Amino acid sequence: MVDRVLPARLEALVSLVPPAGIVADIGTGDALVPVALIRRGKARRVIACDKSAAALDVCRRKLEQYELSADERRSIELREGDGLSPLKSGETQVAIIAGMGGLTITSILARGPLDVADTYVLGPMSHQKDLRLFLQAGGFTLVDEAMIRQGSKFYEFEVVVPPASDGAVAQPAAGQMRARFPLMLEGEIGALLWKRRDPVLKEYLVHREGKLRALEERLERTSRAAEIGRIRKELLKLLSKWDARWNGQGSTGG
Ligand SMILES: C[S@@+](CC[C@H](N)C(=O)[O-])C[C@H]1O[C@@H](n2cnc3c(N)ncnc32)[C@H](O)[C@@H]1O
């Protein structure tokens, strides 16, 4: 059974997908996510897309090995193409874009068309801050966030709703954008994770502060070291607020 071997990162991703009729999985790789969605009844049909014909060939072979019933196999359709281009307007309720860098996800969303799905579940492997800044500037609404730790690696996920009509409607004002997609520490950390006092976020703050301290020491007195030092001090302030909030003594950090 595929579900038993689902890695923790993909388990977290699948759990964030709202129950939907049709889900698209962009950059599906070996189709573990589509299979889990169908087997768990979270989707009636999954359109598994990948820009690589070779990846889709591997995916086809994997699907044979997963011992799917005829109905389950029919529920997963493979499509080749770049980003969202294999999908039609209004074709799905949810599109997942995960397991690639934040800049690749940004580029896929920027090229659209965004009206192929109502909701996007994103799982960037890097450049999380760049992705957050793009999502806020693009008028997306942040619906949910999650973070997990696997060994020394932290994985972040965002569930977002795109702006109406794929940009045909005038961009919202800056204040509205901030309300729809709040940023913490210039996008360094997830605002909803902070609001919920997510315990993994606290581990991440401690970990990130340590990493930044090491980098700051290595760069010594350069302007980059000063910038890193500024962010690191902000992280330390958040950590002290976290403990104050936990004890019911402080106000919000946001
Ligand atoms: C590491 S796999 C990720 C598999 C799975 N989504 C996950 O989260 O583990 C990345 C996949 O994304 C595909 N990919 C990268 N850029 C893409 C794009 N612009 N459009 C569609 N697929 C893309 C690659 O071909 C590859 O199969």
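Remember, predicted model here, so these are calculated numbers, not experimental data.

### Quick notes on the side chain of D198
Note on placement: D198 falls in the loop between helix 8 (191–195) and helix 9 (199–219). We note that D198 is buried and unpaired, the nearest opposite charge coming from R196 at a distance of 5.5 Å. Reaching out from D198, the side chain makes a polar contact with the backbone nitrogen of V200 at a distance of 2.8 Å. Setting aside its immediate chain neighbours within four residues, D198 contacts M147, L193 and W242.

### Quick notes on the packing of helix 5 (residues 102–111) against helix 6 (residues 128–137)
One can describe the packing of helix 5 onto helix 6 by two numbers: an axis separation of 8 Å at closest approach and a directional angle of 20°. Between helix 5 and helix 6, the crossing angle belongs to the class labelled roughly parallel. Where helix 5 crosses over helix 6, the two elements pack in a sense that is left-handed. Only D130, L131, F134 and L135 of helix 6 make contact with helix 5, whose side of the interface consists of G102, L103, I105, T106, L109 and A110. When the residues that make up the contact of helix 5 with helix 6 are grouped by side-chain class, the tally is seven nonpolar, two polar and one charged.

### What about the pairing of strand 1 (residues 20–26)?
Taking burial as the measure, the seven residues of strand 1 include seven buried ones, the bulk of the element. One ladder, built from six bridges, connects strand 1 with strand 2 (residues 43–50); its direction is parallel. Across the sheet, residue I22 finds its bridge partner in strand 2, namely R45. You can see the chain leave strand 1, run along helix 2 (residues 32–39) and come back into strand 2, and the turn it takes is right-handed. Where strand 1 and strand 4 (residues 94–100) come together, four bridges link them in parallel fashion. Looking at strand 4, one finds that A24 is bridged to A95.

### Examining the confidence of the model for the protein chain
Here the protein chain averages 91 in pLDDT, and 91% of its residues register 70 or above. With pLDDT under 50 throughout, residues 250–254 is counted as low confidence; its partners more than four residues away or in other chains account for 11 contacts.

Thresholds applied
Residues numbered from 1 in each chain as written. Predicted model: local features only at pLDDT ≥ 70, side-chain atom pairs only at ≥ 80, totals over all residues. Heavy atoms only, no water. Helix = DSSP H or I, 4+ residues; strand = E, 2+ residues; numbered from the N terminus. Buried < 20%, exposed > 50% of the residue type's maximum accessible area, 1.4 Å probe, protein only. Lys, Arg positive; Asp, Glu negative; His and termini not counted. Salt bridge = Lys/Arg side-chain N within 4 Å of Asp/Glu carboxyl O. Polar contact = N/O pair within 3.5 Å; in protein donor to acceptor, adjacent residues only side chain to side chain. Contact = heavy atoms within 4.5 Å. Axes fitted to C-alpha atoms, helices over the stretch in contact; angles between N-to-C directions. Parallel < 35°, antiparallel > 145°, perpendicular 65-115°, else oblique. Left-handed = near helix turned anticlockwise from the far one by under 90°. Nonpolar A, V, L, I, M, F, W, Y, C, P; charged D, E, K, R; others polar. Pairing = 2+ DSSP bridges. Right-handed = clockwise from strand over helix to strand, strands pointing away. pLDDT = per-residue confidence, 0-100.

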